[in-house]
Amino acid sequence: MCGICGLFGPAKYIDVPRLKQMTRIMKHRGPDEEAFYVSPTLAFGFRRLAIVDIKGGHQPLTNEDKRIRVIFNGEIYNYKELRDDLVSRGHFLQQAGDGEVLAHLYEEYGLDFPAKLRGTFAIALWDERLRRLLLVRDRLGVKPLYVRYNSESLAFASELGALLIGTEKPVINVQAVDQYLSYRYVPAPNTIFKGIYKVPPGTALLVTYKKGELQVRTKTFWLLPNVKKEISLKEASELVHTTLKEALQIRWPDEVQAAFYFSGGLDSSGLIAMHQLLCNEQARTYAIGFERPHHTRDFRYYSELDQARNAAKALQTQHYERVVPFAEVQQRLGQILTAMDEPIADPTAIPLYFLSEYASSRGEKVVFSGEGADELFGGYSTYLEPSNFRRYHQLPNWTRNVLKHVFPQKTERFSLSLSERYFGVGGLLRFSQKQSLYTTKMLSALAEEKSYFLNQHLLDDDLLPEEERMLQFDMCSWLPENTLMKSDKMTMQHGLEIRLPYLDHELVELGMSFPLPYKVTPKESKVVLRRALAGSLPKEMVTLPKNGFPVPLTAWLMDELKPEVKNVLLDPGARLREFFLPQKIEKMLQADSSHSSRLIWALYVLEVYLTFWQQTQNNICLKPSAEKNRIPKIGGGAI
């Protein structure tokens, strides 16, 4: 894993001091090496975390005649197979690592080369002959890639913050603020700032500069498949077991050790059991928990340590755990939220940050996680809602009328279509629920610039069961823009590479081809996965219900964190006052109700993020530099 960035356009935009700042702000992503390439129209910056071909593997990478140059973040897991094929076709490769195949694959297959890759990647490729820049994000969106461009120039980076360096201050995107309040994250291609975008998963940007104008085109090289197989549950579970085992094997590093993030649940336990059987070695596992908050008595709501400890004992792993005191959470909270690089109101970022810090402090460089299994195989309890919806509508009219009178808010959802009521696993507010919170200025701005919800159309396909539509939506939106964004930023903050076998694209394509009852039924989740892992795990682990990543957020907001959150949100200078009515926020805080805790947290995260970048931009935007802007007059080279 690494950090990449670059500049493209006329020579006057190739600002070397700016490129160096962009690269060095991402030092945490690649503590092992720094490199640059600069030409009259293109500049690359690169930070490396050395995992594959540690002594070699230097970037940028080239083809034989050096007319193609590549930098990339991620791992190509089938590179040995690709390398052998390229050599047999007459290509000469000099390095032993995975990245060099990219330049040669492009030579051989042109714009279709990403389809050959099995891995996670964000790629920048420069074709000197065609004067064309390619920016590619992997199929599932495991690796982030941001761009900022106008009619003349383009900048790209692995982190949004790098694109704020050396340019004018960006304007907050009110459309993105509106989306954030529905999803708890900003869905691609938007970001919280106007003019800065995320490359969507499975997409390549083709960037050229012709006739004095920058041209950006998109090419989609992968879409989530929706063709179903006719297959028995037994055959399906055997295929899942075989494909998952292969996905784990090809991801296991040769040159460094690796460990596992461990909750004691089905997904991580299955990976560990497979690994120990394949490699005949004791796995190292890491878990995190919090001290008990004042308002919580049930251990399950603030710590998964008991479950992880018991599972580690059963699987005989080398287990490490840590309890984080609240004082440390409070002290580091601002650092955690701004390390996210985007406003994402998922509180599980907090334990993931501390878990990554803990694993890194013990010398780990690669960690495996079970993320993606819930979205692929239907592990979230929210996927049970459609069956409750159908049962409600089968009730007699008089019964429904009574329920509407007794539970008006809960039954209101049953009158809405799926696209009106579902905004993903972490969905927050529906369209109608947001209007009363907005200022007049915000409402006017939204009226002029209507919010566009890119993946919401996936919920409108009436030919598919509602559960199937929800799974597709979460794979395309919630997974890449919340879960994977959070995983990338929290692990890379500590120089850790995270590997996710459940998101191998061949396993994803297989899982998406199964009929719905193999994933979710009214009585069981992850049906096929439980059967696939049944032979590797004790029965109690196979049948264990999902607990999630427990964070005592509601308890904190009602007690320990309450003064801090109140001070931030009710500050007369709060940035949120531009968008939200302060009296509405004050009313929520005074209510002291657990029902509004998710919304209060989302507002707090947004305020902390915007305040941080407002202060930071005063130092990094359009900052003059005395360093010489060394750009070659012809050709290009390292600096």
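Anything mentioned here points back to the structure above.
The numbers attached to residues start from 1 for each chain and follow its sequence in the written order. Only residues with pLDDT of 70 or above have their local features reported here, since the model is predicted, and side-chain atom pairs are shown and tallied only from 80 upward, although totals for entire chains, interfaces and linings are computed over all residues. Side-chain measures here rest on the full set of heavy atoms in the structure, leaving out hydrogens and waters.

Hey, could you go over helix α4 (residues 174-183) for me, with residue numbers and the actual values?
Relative accessible area decides the class of each residue, using a 1.4 Å probe on protein chains only: under 20% of the type maximum gives buried, over 50% gives exposed, and in between gives partly exposed. Secondary structure elements follow DSSP: runs of H or I of four or more residues count as helices, runs of E of two or more count as strands, with numbering from the N terminus. Counting buried residues in α4 gives ten out of ten residues, a clear majority hidden from the surface. Looking at the residues trailing α4, positive phi occurs at R184, about 80°.

So what's going on with the sheet that holds strand β9 (residues 154-157)? Residues and values would help.
Any two strands with at least two DSSP bridges between them are considered paired. Taken together, six strands build an open sheet; the order of strands is β2-β3-β1-β9-β8-β10 and the sheet is antiparallel. For this open sheet the edge positions go to β2 (33-38) and β10 (196-198), each flanked by a neighbour on one side alone. Strand-to-strand, the axes of this sheet are offset by a mean angle of 15°, without reference to chain direction. As judged from the four bridges shared by strand β1 (residues 2-8) and β9, these two strands associate in the antiparallel manner. Residue pairing in the sheet places G6 in a bridge with F156 of β9. Whenever a helix is involved, its axis is fitted only over the stretch in contact; in every case the axis is a line through C-alpha atoms, and angles between N-to-C directions fall within 0 to 180 degrees.

Would you mind going over the packing of helix α2 (residues 79-88) against helix α3 (residues 101-109) in detail, with residue names and values included?
Between α2 and α3, the least distance of the axes is 10 Å, while the angle of their chain directions is 50°. One element, α2, and the other, α3, form an angle in the oblique class. Note that α2 runs across α3; the crossing there is left-handed. Residues Y79, L82, R83, D85 and L86 of α2 touch α3, and the partners they reach there are V101, H104, L105, E108 and Y109. Nonpolar residues are Ala, Val, Leu, Ile, Met, Phe, Trp, Tyr, Cys and Pro. Charged residues are Asp, Glu, Lys and Arg, and all others, Gly as well, are polar. Considering only residue class, the contact of α2 with α3 consists of six nonpolar, one polar and three charged. Put simply, angles under 35 degrees are roughly parallel, angles over 145 are roughly antiparallel, angles from 65 to 115 are roughly perpendicular, and the rest are oblique. Each crossing gets its hand from how the near helix is turned against the far one by less than a right angle, where anticlockwise is left-handed and clockwise is right-handed. When checking whether two residues touch, look at their non-hydrogen atoms; a contact exists if any pair is within 4.5 Å.

Any chance you could break down the pattern of salt bridges for me, citing the residues and the numbers?
For this analysis, a salt bridge means a side-chain nitrogen from Lys or Arg found within 4 Å of a carboxyl oxygen belonging to Asp or Glu. Going through the model one piece at a time under the given rule, you end up with 43 salt bridges. A salt bridge links E168 to R148, with the nearest nitrogen and oxygen atoms 3.8 Å apart. On the criterion of sequence distance, the pair formed by E168 in the loop between β9 and α4 and R148 in strand β8 (residues 146-149) is long-range, its members being 20 residues apart. Exposure remark for E168: the relative accessible area of 49% places this residue in the partly exposed category. Across the pair E321 and R309 runs a salt bridge, and its minimum N-O distance is 2.7 Å. Of this pair, E321 sits in strand β15 (residues 318-324) while R309 is found in helix α7 (residues 305-315), placing the two residues twelve residues apart along the sequence. Given the relative accessible area of 30%, E321 is considered partly exposed.

Describe unusual backbone geometry, with residues and values.
Here the amide bond leading from A188 into P189 is cis, since omega sits at 10°, within 30 degrees of zero. Relative to the assigned elements, P189 resides in the loop between α4 and β10. Backbone geometry places K211, a non-glycine residue, at a positive phi of 55°. Tracing the chain through its elements places K211 in the loop between β11 (203-210) and β12 (213-220). Residue class for K211 comes out exposed when judged on its relative accessible area of 89%. We note that K526 has phi near 50°; this positive angle belongs to a residue other than glycine. In this structure, K526 sits in the loop between α18 (505-512) and α19 (527-533). K526 gets classed as buried once you look at its relative accessible area, which sits at 4%.

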